[in-house]
Amino acid sequence: MDYKLLTFHRFGDERGSLVALEGEHNIPFDVKRVFYIFGTKDRSVVRGCHANLYSSFAMVMLKGSCNVLIDDGEHKEDVRLENPTQGLYIGKMLWKEMYNFSDNSVMAVLSDQHYNKDEYIRDYNEYLKIIKTAAAA
Ligand code: TYD
């Protein structure tokens, strides 16, 4: 499955900490888009629930924690993000769900593509159909 845990160097001194994210260095693609998820209402909220035809992502919890479920249609992996020095790279065409957000959490998401709503597959059965068709080709 095309995902990878990323560990970022923390520059720490008496003032506190700093992490630098750079495309094609510690983020494994050229960054074209950044968005962030905050103000999540409660623990029952599940975000994502889609796959992307073209976009890869790198997720970082700037504050708080959450879980990310990654699914390639055959296998599922559950990753817990709880530190701003950790990241999760997720390649295109993987189903993902973010859940169990802690109170006041902030998740930053970087992508190698600009936003295009037409590349989102939001129906899980359609996702399964598309990957099975691609595998048979
Ligand atoms: P949505 O895809 O539902 O978020 P999530 O992946 O967290 O479930 O996006 C919520 C809204 O934000 C939707 O109206 C589309 C818009 N949006 C953008 O305009 N640009 C973006 O890069 C993203 C990720 C979302």
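In what follows, the accompanying structure is described. For clarity, every value in this text was computed on a predicted model and none was experimentally measured.

Time to look at the overall build of the chain. Summing up its helical and strand segments, the chain has 1 helix and 12 strands in all. Element order for the chain, N to C, with α for helix and β for strand: β-β-β-β-β-β-β-β-β-β-β-β-α. A compact globule built from 137 residues should have a C-alpha radius of gyration of about 14 Å, and the chain, at 15 Å, falls within 12% of that. Principal-axis analysis of the C-alpha atoms gives the chain an extent of 55 × 35 × 25 Å. Counting every position in the chain, which comprises 137 residues, the buried fraction comes to 39%. For the chain, the accessible area works out to roughly 8,200 Å², and carbon and sulfur atoms hold 49% of it. Within the chain, one finds 17 positive and 20 negative side-chain charges whose respective centroids are separated by 4 Å.

Bringing the sheet that holds strand S9 (residues 86-90) into the picture now. Sheet architecture is open: 5 strands sit in the order S1-S9-S6-S11-S4, paired in antiparallel fashion. Here the strands that pair on one side only, and so sit at the sheet edges, are strand S1 (3-7) and strand S4 (33-38). In this sheet, adjacent strand axes meet at a mean angle of 20 degrees when their direction is disregarded. Pairing analysis gives 6 bridges linking strand S6 (residues 57-63) to strand S11 (residues 106-111), with the strands arranged antiparallel. Paired with Lys63 across the bridge in S11 is Val106.

Every residue close to the ligand is listed here: Arg33, Phe35, Ile37, Arg47, Gly48, His50, Tyr115, Tyr120 and Arg122. Here an oxygen atom of the ligand sits 2.5 Å away from a polar atom, N or O, in the side chain of Arg33. For the ligand, an oxygen atom lies 2.9 Å from a polar atom in the backbone of Gly48. For the ligand, whose unbound accessible area comes to 530 Å², protein coverage reaches 60%.

What follows covers the sheet that holds strand S7 (residues 66-71). Spatially, S8-S7-S10-S5-S12 is the arrangement adopted by the 5 strands of the open sheet, whose pairing is antiparallel. If you trace the sheet from one side to the other, it starts and ends with strand S8 (76-81) and strand S12 (120-121), each paired once.

A few words on the packing of aromatic side chains. Scanning the entire structure with this criterion turns up 7 aromatic pairs. Their ring planes at 40 degrees and their centres at 5.9 Å tell us that Tyr36 and Phe38 sit as a pair that is tilted. Neither residue differs from the other here; Tyr36 and Phe38 are each classed as exposed. Ring centres of Trp95 and Tyr127 lie 5.7 Å apart, and the angle between their planes is 40 degrees; on these two criteria the pair is classed as tilted. A residue pair is termed long-range when its members are at least 10 positions apart, and Trp95 in strand S10 (residues 95-99) and Tyr127 in helix H1 (residues 124-136) qualify at 32 residues. This pair shows no difference in class: Trp95 is buried, exactly as Tyr127 is. Members of the aromatic cluster, connected to one another through ring pairs, are Trp95, Tyr124 and Tyr127.

Analysis parameters
Residues numbered from 1 in each chain as written. Predicted model: local features only at pLDDT ≥ 70, side-chain atom pairs only at ≥ 80, totals over all residues. Heavy atoms only, no water. Helix = DSSP H or I, 4+ residues; strand = E, 2+ residues; numbered from the N terminus. Rg over C-alpha atoms; globule rule 2.2 N^0.38 Å. Buried < 20%, exposed > 50% of the residue type's maximum accessible area, 1.4 Å probe, protein only. Areas by Shrake-Rupley, 256 points an atom, 1.4 Å probe, with all protein chains shown as cover. Lys, Arg positive; Asp, Glu negative; His and termini not counted. Charge placed at Lys NZ, Arg CZ, Asp CG, Glu CD. Pairing = 2+ DSSP bridges. Axes fitted to C-alpha atoms, helices over the stretch in contact; angles between N-to-C directions. Near = heavy atom within 4 Å. Polar contact = N/O pair within 3.5 Å; in protein donor to acceptor, adjacent residues only side chain to side chain. Phe/Tyr/Trp six-rings, centres within 6.5 Å; stacked < 30°, edge-to-face > 60°.

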